[in-house]
Amino acid sequence: ATSRLIRFLTFVLGILVCATYGIVASIFLRLVGQAGLSQWTVARSFHYFVGTITGMWFEIIDGREYLGTRPAVYVGNHQTYVITYMPIHTHLRE
């Protein structure tokens, strides 16, 4: 139970750090005329930062060919923070 609490608090810290980064990045990107990249850069930072500090990564084993299909339905336990992280991982392209 303690490790879950630590991972959750680390996840929340990651959200706060990335939200702060998002504010700064959005202002900067708007000033340089690239406001459309603000959500992408924040999602990318969240993906790498939170993945690194929590040690949580997803590996898509089956169905990768369907990731580009829209609309899509993702099934997950909505009582965990993992459901917040999973869509970001599956939608980001390298």
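Conventions adopted
- Residues numbered from 1 in each chain as written.
- Predicted model: local features only at pLDDT ≥ 70, side-chain atom pairs only at ≥ 80, totals over all residues.
- Heavy atoms only, no water.
- Helix = DSSP H or I, 4+ residues; strand = E, 2+ residues; numbered from the N terminus.
- Buried < 20%, exposed > 50% of the residue type's maximum accessible area, 1.4 Å probe, protein only.
- Contact = heavy atoms within 4.5 Å.
- Areas by Shrake-Rupley, 256 points an atom, 1.4 Å probe, with all protein chains shown as cover.
- Patch = residues over 30% accessible without salt bridge, like charges linked within 9 Å, V, L, I, M, F, W, Y side chains within 5 Å.
- Salt bridge = Lys/Arg side-chain N within 4 Å of Asp/Glu carboxyl O.

Thoughts on the overall build of the protein
Thought 1: Scanning the protein for helices and strands turns up three helices and zero strands.
Thought 2: Its helices and strands taken in sequence order, the protein reads α-α-α from the N to the C terminus.
Thought 3: Looking at the protein as a whole, 28% of its 94 residues are labelled buried.
Thought 4: The long-range fraction of contacts in the protein, counting pairs at least 24 apart against all pairs at least 6 apart in sequence, stands at 70%.
Thought 5: Here the protein displays about 6900 Å² of accessible surface, and carbon together with sulfur accounts for 64% of that area.

Some details on a nonpolar patch on the surface
Thought 1: Residues Ile23, Val24, Ile27, Phe28, Leu31 and Val32 make up a contiguous nonpolar surface patch of about 650 Å² in total accessible area.
Thought 2: Note on placement: valine 24 falls in helix H1 (residues 2-31).

Some remarks on the environment of isoleucine 23
Thought 1: One can find isoleucine 23 in helix H1.
Thought 2: Judged by its relative accessible area of 56%, isoleucine 23 falls in the exposed class.
Thought 3: Distance from isoleucine 23 to serine 38, taken between C-alpha atoms, is 8.9 Å for residues 15 residues apart in sequence.

Geometric values such as these leave the question of function open.
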